[in-house]
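Take a look at the letters that make up each chain.
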Amino acid sequence: QQRDETMMVETKRQTTADFDALPEGTLVQLIDGELMSSPAPTPTHQWIIMQLGGQLNGFVLNHKLGFVYSSPIDVYFLEDEAYQPDIIFISHERLKQQPEKITIAPDLIVEVLSPSNAYHYLVHKKNVYEASGVKEYWIVDPREKTVEVFENRSGLFVLRVKANKTGTVSSALLAGFVFNLDAIFSV
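From a predicted model like this one, the values you see are computed outputs, not experimental measurements.

The rules we used
- Residues numbered from 1 in each chain as written.
- Predicted model: local features only at pLDDT ≥ 70, side-chain atom pairs only at ≥ 80, totals over all residues.
- Heavy atoms only, no water.
- Helix = DSSP H or I, 4+ residues; strand = E, 2+ residues; numbered from the N terminus.
- Buried < 20%, exposed > 50% of the residue type's maximum accessible area, 1.4 Å probe, protein only.
- Contact = heavy atoms within 4.5 Å.
- Areas by Shrake-Rupley, 256 points an atom, 1.4 Å probe, with all protein chains shown as cover.
- Pairing = 2+ DSSP bridges.
- Right-handed = clockwise from strand over helix to strand, strands pointing away.
- pLDDT = per-residue confidence, 0-100.
- Salt bridge = Lys/Arg side-chain N within 4 Å of Asp/Glu carboxyl O.
- Expected span 1.5 Å × (residues − 1).
- Bend = angle between axes of the 7 residues up to and from the residue.
- Axes fitted to C-alpha atoms, helices over the stretch in contact; angles between N-to-C directions.
- Phe/Tyr/Trp six-rings, centres within 6.5 Å; stacked < 30°, edge-to-face > 60°.
- Lys NZ or Arg CZ within 6 Å of the ring centre and 35° of its normal.

Can you help me understand the overall build of the protein chain in this one?
Secondary structure summary: the protein chain contains 4 helices and 12 strands in total. Principal-axis analysis of the C-alpha atoms gives the protein chain an extent of 75 × 35 × 35 Å. Across the 187 residues in the protein chain, those meeting the buried criterion constitute 43%. The contacts in the protein chain between residues at least 6 apart in sequence include a share of 52% that link residues at least 24 apart. When the accessible surface of the protein chain is summed, it comes to about 10,600 Å², and 52% of that surface belongs to carbon and sulfur atoms.

Written out as structure tokens, the structure is:
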């Protein structure tokens, strides 16, 4: 009689302390206690970040609203959640000066999807952003050429607008900021 034994291997949940021990510039995020690496973004991904981030930064600077950062930049949410969002905006109300480490929820986060990250952005990370108090969340999908803008209402993200290929999207959080999709999808 043969006995079938399955060996259970418990993997250690990683924390922000493990994340902080990584070399600077490592393209890794801490998602649900797991260090997840990803390849460098594609040229299309970077183009979108530069176009959208540049316009957002110009608007924020002109109106003296706060700070805009683009990836890679670490944002710490929970003990086992630290991400590198593509673009973030933090208002002066939440952040009085340039930080050494971002440990508060940004007011606005923009994520540009790639085939390797879609699940985490659409499900897990969105839930963390929502619960952490991110006020507005934009998801840019280069493949489908869409932009979805979610607004946090009483702790829940509500889809405010979805634009496809052309037209504009605007921010409820940053009154007057309007972005033309032709800037990223007509190239």
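Teacher, can you tell me more about the pairing of strand S7 (residues 108-112) here?
Along any regular strand, the residues point their side chains to alternate faces of the sheet. Most of S7 sits inside the fold, with 5 of its 5 residues counted as buried. Across 5 bridges, S7 lies against strand S8 (residues 136-141) in parallel orientation. Bridge pairing in S8 places Val110 opposite Trp138. What joins S7 to S8 is helix H3 (residues 118-132), and the crossover it makes is right-handed.

Could you clarify how one ought to interpret the confidence of the model for the protein chain in this entry?
Predicted coordinates in areas of low pLDDT are best not read in detail. When pLDDT is averaged along the protein chain, the result is 88; 93% of the residues meet or exceed 70. Taken as a whole, residues 1-9 scores under 50 in pLDDT and shows 0 contacts with residues more than four places along the chain or in a different chain.

I'm lost on the pattern of salt bridges in this one. Help?
Oppositely charged side chains are able to pair whenever their charged atoms sit close together. Here the structure, examined in full by the defined rule, presents 8 salt bridges. A salt bridge links Asp20 to Lys101, with the nearest nitrogen and oxygen atoms 3.0 Å apart. One end of the pair, Asp20, is in helix H1 (residues 16-20); the other, Lys101, is in the loop between strand S6 (87-91) and S7, with 81 residues separating them in the sequence. We classify Lys101 as partly exposed; its relative accessible area is 40%.

It is not clear to me how H3 should be interpreted in this structure. Could you clarify?
Every α-helical turn comprises 3.6 residues, leaving residues that sit three or four positions apart pointing alike. If you check H3, its first and last C-alpha atoms are 20 Å apart, about what 15 residues at 1.5 Å a residue would give, namely 21 Å. For H3, the principal kink sits at Lys125 and spans about 40°. Taken residue by residue, H3 has Tyr121, His124, Lys125, Lys126, Val128, Tyr129 and Glu130 as its buried positions. Note on H3: the residue one or two positions beyond its end, Gly133, has a positive phi of about 95°.

Just to check I follow, could you spell out the sheet that holds S7 for this structure?
Hydrogen bonds along the backbone pair up the strands of a sheet, which may run parallel or antiparallel. Strands sit in the order S3-S6-S7-S8-S9-S10 across an open sheet of 6 strands; the sheet is mixed. With partners counted over all chains shown, the strands left at the sheet margins are strand S3 (66-70) and strand S10 (156-164), one partner each. Ignoring which end each strand starts from, the neighbouring axes of this sheet average 15° apart. Alignment of S6 against S7, held across 3 bridges, turns out to be antiparallel. Looking at S7, one finds that Phe89 is bridged to Leu108.

Mind showing me how you'd approach the packing of aromatic side chains here?
When we look at a pair of aromatic rings, we describe it by the centre distance and by the angle of the planes. This model, assessed by the stated rule, comprises 11 aromatic pairs. Taken together through their ring pairs, the aromatic side chains of Phe77, Tyr83, Tyr129, Tyr137, Phe150 and Phe157 make up a single cluster. Sitting over the ring of Tyr76, Lys101 keeps its end group 4.4 Å from the ring centre. The ring of Tyr83 has Lys125 sitting right over it, with the charged end atom 4.7 Å from the ring centre.

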